[in-house]
Amino acid sequence: MSFQVRSAWVMAIATLGLGGYYFGLLIGISRHTGALATPDVPLLVTGVVLLIIAVIVGHIAIAIFNPKEANAALDERERDIERRGIALSAQFSWVGSVLSLVVYLATGSGVWLFYAILGSLILSQASSYLTTIYYHYRGTL
Amino acid sequence: MPARLPIGNRVKQLREAQNGMTQSELGEAIGVTRQTVAAIEQRRYSPSLETAFRIAKVFNTPIDSVFYWDEGASST
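Reading the values: rules and limits
- Counting of residues starts from 1 at the beginning of each chain's written sequence and follows it residue by residue.
- For naming, the first written chain is A and the first written ligand is 1, with later ones following in the order written.
- Given that this is a predicted model, residues contribute local features only at a pLDDT of at least 70 and side-chain atom pairs are listed and counted only at 80 or more, while totals for whole chains, interfaces and linings are drawn from all residues.
- To obtain the side-chain values, all non-hydrogen atoms of the structure were used and water was disregarded.
- Contacts are assigned to residue pairs that have any heavy atoms within 4.5 Å of one another.
- Summed over both partners, the accessible surface that disappears when two parts come together, traced with a 1.4 Å probe, is what is meant by buried area.
- In the sections that follow, a salt bridge refers to a side-chain nitrogen of Lys or Arg positioned within 4 Å of a carboxyl oxygen of Asp or Glu.
- Counting of polar contacts relies on pairs of N or O atoms within 3.5 Å, with two restrictions inside protein: one atom must be capable of donating a hydrogen and the other of accepting it, and residues adjacent in sequence are counted only when both atoms are side-chain atoms.
- Here a strand is any run of E in DSSP of at least two residues, a helix any run of H or I of at least four, and the numbering for each starts at the N terminus.
- Under the convention adopted here, Pro, Cys and the residues Ala, Val, Leu, Ile, Met, Phe, Trp and Tyr are nonpolar, Asp, Glu, Lys and Arg are charged, and Gly plus all remaining residues are polar.
- Accessibility here uses a 1.4 Å probe with only protein chains present; expressed as a share of the type maximum, an area under 20% marks a residue as buried, one over 50% as exposed, and anything in between as partly exposed.

A.B. asks: Where do I start with the interface of chain A and chain B in this structure?
C.D. replies: Interface extent is often summarised as the accessible area lost during association of the parts. Taken together, the contact pairs 14 residues of chain A with 15 residues of chain B. Across the chain A/chain B interface, buried area totals approximately 1,200 Å², and carbon plus sulfur atoms make up 47% of it. Linking Glu 28 of chain B and Lys 68 of chain A is a salt bridge whose minimum nitrogen-to-oxygen distance equals 3.0 Å. Taken together, chain A and chain B are joined by six residue pairs in polar contact (both at pLDDT 80 or more). Taken together, the elements giving at least two residues each to the side of chain A that touches chain B come down to helix 3 (67–71), helix 4 (76–107) and helix 5 (110–138) of chain A. Considering every element that reaches the side of chain A that touches chain B, the biggest residue donor is helix 4 of chain A, with four residues. Taken together, the residues of the side of chain A that touches chain B break down into two nonpolar, four polar and eight charged.

A.B. asks: Looking at this structure, I do not really get the pattern of salt bridges. What am I missing?
C.D. replies: Side chains that differ in charge, positive against negative, can pair when their charged atoms come close. All names here are of chain B. Tallied over the entire structure, the rule returns five salt bridges over all chains. Its salt-bridge partner being Arg 43, residue Asp 70 comes within 2.9 Å of it at the nearest N-O pair. Taken together, the residues Asp 70 in the segment after strand 2 (67–69) and Arg 43 in the loop between helix 3 (34–41) and helix 4 (49–58) connect sequence positions 27 residues apart. In this structure Arg 43 comes out as buried when scored by relative accessible area, which is 7%.

Here is the structure:
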């Protein structure tokens, strides 16, 4: 498994894991209070910091096993895969933005708009990482 | 199952004939990863023209002795 794929796994697990945990907390708090929880800035900041730490620690861990590959530039095939991931991520961002606008128009709620945008950001980033993993295992570009 | 690419190659045979050159060694010589060399040999990836010429140069053989058009392969 190349460093690029290991890196994609680290990013995907960290992003989806922490994103899922945050939204899980959100759902739990909303159920408890009976109303949609408003965005909690300290919790969001904590989440971002934890994400950064998880990514750094994860990359250090995978780089230890192959430092030469970790420092090498992407080759032509890896750059192709990365471009595909970026293209798919852009499509997710576009669709997510439009859906977020629809959510706001339908609800008039800035809170719903915030969560819709946050969710689409998480999914668009995750799609980029999952694309890398997919094309690695599929083989053919 | 992904379709086989229409460009065939003899990279693996030529590599092994070079005193048992490894995929990593070939990758280092042409500027790609071991995984990309493996993908080329398994016809899961068609290298760029530049990389194809580099491979031919490593084996000191004409490029059309390394790569060939496979009429029988299905393509997407």
